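Summary of the model geometry
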There are 2 protein chains.
Amino acid sequence: MHESYRQEIRDIDLFAEMDDKNFQALMRASYVQNFPPRIDLIQENEPPDFLHVVLSGSVDLFSAWNGRETSMATVRPISTFILAASVRNLPYLMSARTLEKSRIALIPSQDVRAIFATDSAFAQAIVSELAQCYRSIVKNAKDLKLRTSLERLANYLLRQQERTGNLEFDLTMEKRRLASFLGMTSENLSRAFKGLEPYGVRVTGNHIEIVNLNDLTRYAKPNPLIDDYTT
Amino acid sequence: MHESYRQEIRDIDLFAEMDDKNFQALMRASYVQNFPPRIDLIQENEPPDFLHVVLSGSVDLFSAWNGRETSMATVRPISTFILAASVRNLPYLMSARTLEKSRIALIPSQDVRAIFATDSAFAQAIVSELAQCYRSIVKNAKDLKLRTSLERLANYLLRQQERTGNLEFDLTMEKRRLASFLGMTSENLSRAFKGLEPYGVRVTGNHIEIVNLNDLTRYAKPNPLIDDYTT
DNA sequence: CGCAGCCTTGACAAATGTCAACAAACGTGG
DNA sequence: CCACGTTTGTTGACATTTGTCAAGGCTGCG
């Protein structure tokens, strides 16, 4: 593996503190691959052969049942996905596909399991990462169960506003995927955007302008225990 | 702490493999408490002072937003809850209350964090437990996003059938809580039970009889990646 | 017995999904 | 650069799902 990739991976929280010898061992059988957009990386129910690291581009985690499909999360650089399946050595619960041209590092799960058993710093980092992932999906479940789709959209926009620090921003994904991520149909999302107009949301294509942050916030009632990325 | 409690806790996967000295240290400032039914144990947003272990009884994890409330999970003996908050030292995302008379062990989170940093077997067990929790809530989110409430109920009943190994069983919780857990109103659940009659589900109070397992299964389309506890 | 809490039912309202049509945006090959 | 076809987004009409409110029944317990 190219040295610059190796360094990128090394700098991720998950690998930053581990012993260098162990990190080199982990990299030994790993490799980096470039994928075009819309390529399936893994399918749910497959055995977890590799821990994946998104170095560039972005990846959609999604799931299907009975002919329906839903987007569960988007993974952006630099972070890993399907860590839980890897460490438990159980089948993937979600499928993954590239959204755009992406560079992905593949680390054999077997090596991850072998090394985290001996490297205490690595084990700690895994604990931290898994706890973080767990909390993030708990928030997602609360969002789904406690809010209507209009409220979910309103809060999603506020989170984007917070992330960019700007009252105007572009959506980071297609509307159809956003709809799926928020747990609704495209048509419903289209109408939801209209429904937020009275609260000062202006939409032009994929460009969003929050005209009245106060009104939107009053409607959305954001809550740190659902909407904060950090806590 | 009484020796028998100590042994019960020791036997949980999470603590079974750790060094004995460390386990004793963990128990030093821990204590066991008896709670009546319907007592609040923790509230979301509080700092995670204690890791909780349910020794007997049962505990409801729930969450509220904007006047609405939803049940997220039920914790039964012998297992722990709010591990993720404890290890990350971040506020609880869910509240907890006893459902019945319950005996709960309280282990200072600070000690958990201190000891898992030095005890590799404990760290491994925590990884395993968190990965398991993560996967279980991913399944929950898939259930919510991919299925209608009628389908969720049907699959819930099939899971209970599987767990008990019997075509007849009693519901393990009040219907109102089941409704909340499944993400619907009591009224909707009431009608959903009626809606499953054509597929061979007979309901008498909280007693369920699955008259036609084939029909129900054909309707519910259970899937290991959503419904299996083990994978 | 009588109260309180849970469950059920009916009538209705709101939220969300489906289907079909069309418009707008995008990418590709000529 | 344009023409074309494909994909994505929007809209309207309508169906289904789910929630709300109010009333009444059932049950368990003091």
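The model shown is predicted, which means the values in this text are computed figures rather than measured ones.

A few words now on the packing of aromatic side chains. What the rule picks out here adds up to 10 aromatic pairs over all chains. Seen in terms of ring centroids, A:Tyr31 and A:Phe50 are 5.9 Å apart; in terms of plane orientation they differ by 85°. Their pairing is edge-to-face. Here A:Phe50 lies in strand β3 (residues 50-56) and A:Tyr31 lies in strand β1 (residues 31-35), a separation of 19 residues in the sequence. Members of the aromatic cluster, connected to one another through ring pairs, are A:Phe15, A:Phe23 and A:Phe122. The ring centre of B:Trp65 lies 4.5 Å from the NZ or CZ of A:Arg147, which sits over that ring.

Neighbouring DNA strand D are 16 residues; A:Lys175, A:Ser190, A:Arg191, A:Lys194 and B:Ser149 lie closest to it. The contact atoms of DNA strand D, taken as those within 4 Å of the protein, divide so that sugar and phosphate hold 68%. The contact in question runs from a phosphate oxygen of DNA strand D to an N or O atom on the side chain of B:Ser149, over 2.7 Å. For the surface near DNA strand D, the secondary-structure elements that each account for two or more residues are α8 (175-182) and α9 (186-196) of chain A together with α9 (186-196) of chain B. Residues belonging to the surface near DNA strand D are distributed by class as follows: 1 nonpolar, 6 polar and 9 charged.

In this section: helix α5 (residues 109-116) of chain A. Note: α-helices contain 3.6 residues per turn, so residues at a spacing of three or four share the same orientation. Here α5(A) has its buried residues at A:Ser109, A:Val112, A:Ile115 and A:Phe116. For α5(A), the angular spread of the buried residues around the axis is 135°, confining them to a single face. Of the surrounding secondary structure, the elements contacted by the buried residues of α5(A) are α3 (20-28), β3, α4 (83-88), β8 (102-108) and α6 (120-146) of chain A together with α6 (120-146) of chain B.

Let us now look at the packing of α8(A) against α9(A). All names here are of chain A. Close contact between α8 and α9 brings their axes to 8 Å; oriented N to C, the two are set at 95°. As far as their axial angle goes, α9 and α8 are roughly perpendicular. Here α8 contributes Lys175, Arg176, Leu178 and Ala179 to the contact with α9, which in turn contributes Ser186, Leu189 and Phe193. Of the residues belonging to the contact of α8 with α9, the class tally is 4 nonpolar, 1 polar and 2 charged.

The tally for this structure, following the rule as stated, stands at 24 salt bridges over all chains. Between B:Asp227 and B:Arg147 there is a salt bridge, and its shortest N-O distance comes to 2.8 Å. With B:Asp227 in helix α11 (residues 224-227) and B:Arg147 in the loop between α6 and α7 (149-164), this residue pair connects regions lying 80 residues apart in the sequence. Take B:Asp227 and B:Arg147: they sit in the same class, and that class is buried. Look at the salt bridges and you will find they share partners, linking A:Asp40, A:Asp60, A:Glu69, A:Arg97 and A:Arg177 into a network.

Residues and elements named next belong to chain A. Read across the open sheet, the 4 strands follow the order β1-β8-β3-β6; overall the sheet is antiparallel. Each of the sheet's edge strands pairs with one partner strand only, and the pair in question is β1 and β6 (79-81). Geometrically, the sheet is characterised by an average inter-axis angle of 30° between neighbouring strands, direction not taken into account. Strand direction decides the pairing type here: β3 and β8, joined by 6 bridges, are antiparallel. In the strand pairing of β8, valine 54 is matched with isoleucine 104.

This paragraph deals with the relation of the copies chain B and chain A. When chain B is fitted to chain A, the residual RMSD is 0.0 Å, and the transformation amounts to a turn of 180° plus an axial shift of 0.0 Å. On this basis, the relationship between the two copies can be described by a two-fold rotation axis. A share of 100% of the interface residues of chain B reappears at the interface of chain A, consistent with the copies meeting face to face through the same patch.

Often, the extent of an interface is quoted as the loss of accessible area on bringing the components together. All names here are of chain A. Domains assigned within chain A are domain 1 (3-143) and domain 2 (148-227). Between the C-alpha centres of domain 1 and domain 2 the distance comes to 28 Å. Taken together, the 14 residues of domain 1 in the interface contact 9 residues of domain 2. At the surface where domain 1 touches domain 2, the tally comes to 2 salt bridges. Residue glutamate 174 is joined to arginine 38 by a salt bridge in which the shortest nitrogen-to-oxygen separation is 3.6 Å. Of all elements in the fold, only β5 (68-75) and α6 reach the threshold of two or more residues within the side of domain 1 that touches domain 2.

Conventions used here
- Residues numbered from 1 in each chain as written.
- Chains lettered and ligands numbered in written order.
- Predicted model: local features only at pLDDT ≥ 70, side-chain atom pairs only at ≥ 80, totals over all residues.
- Heavy atoms only, no water.
- Phe/Tyr/Trp six-rings, centres within 6.5 Å; stacked < 30°, edge-to-face > 60°.
- Helix = DSSP H or I, 4+ residues; strand = E, 2+ residues; numbered from the N terminus.
- Lys NZ or Arg CZ within 6 Å of the ring centre and 35° of its normal.
- Near = heavy atom within 4 Å.
- Polar contact = N/O pair within 3.5 Å; in protein donor to acceptor, adjacent residues only side chain to side chain.
- Nonpolar A, V, L, I, M, F, W, Y, C, P; charged D, E, K, R; others polar.
- Buried < 20%, exposed > 50% of the residue type's maximum accessible area, 1.4 Å probe, protein only.
- Arc of directions from axis to C-beta.
- Contact = heavy atoms within 4.5 Å.
- Axes fitted to C-alpha atoms, helices over the stretch in contact; angles between N-to-C directions.
- Parallel < 35°, antiparallel > 145°, perpendicular 65-115°, else oblique.
- Salt bridge = Lys/Arg side-chain N within 4 Å of Asp/Glu carboxyl O.
- Pairing = 2+ DSSP bridges.
- Least-squares fit on C-alpha atoms with pLDDT ≥ 70 in both.
- Domains from an automatic or database assignment.

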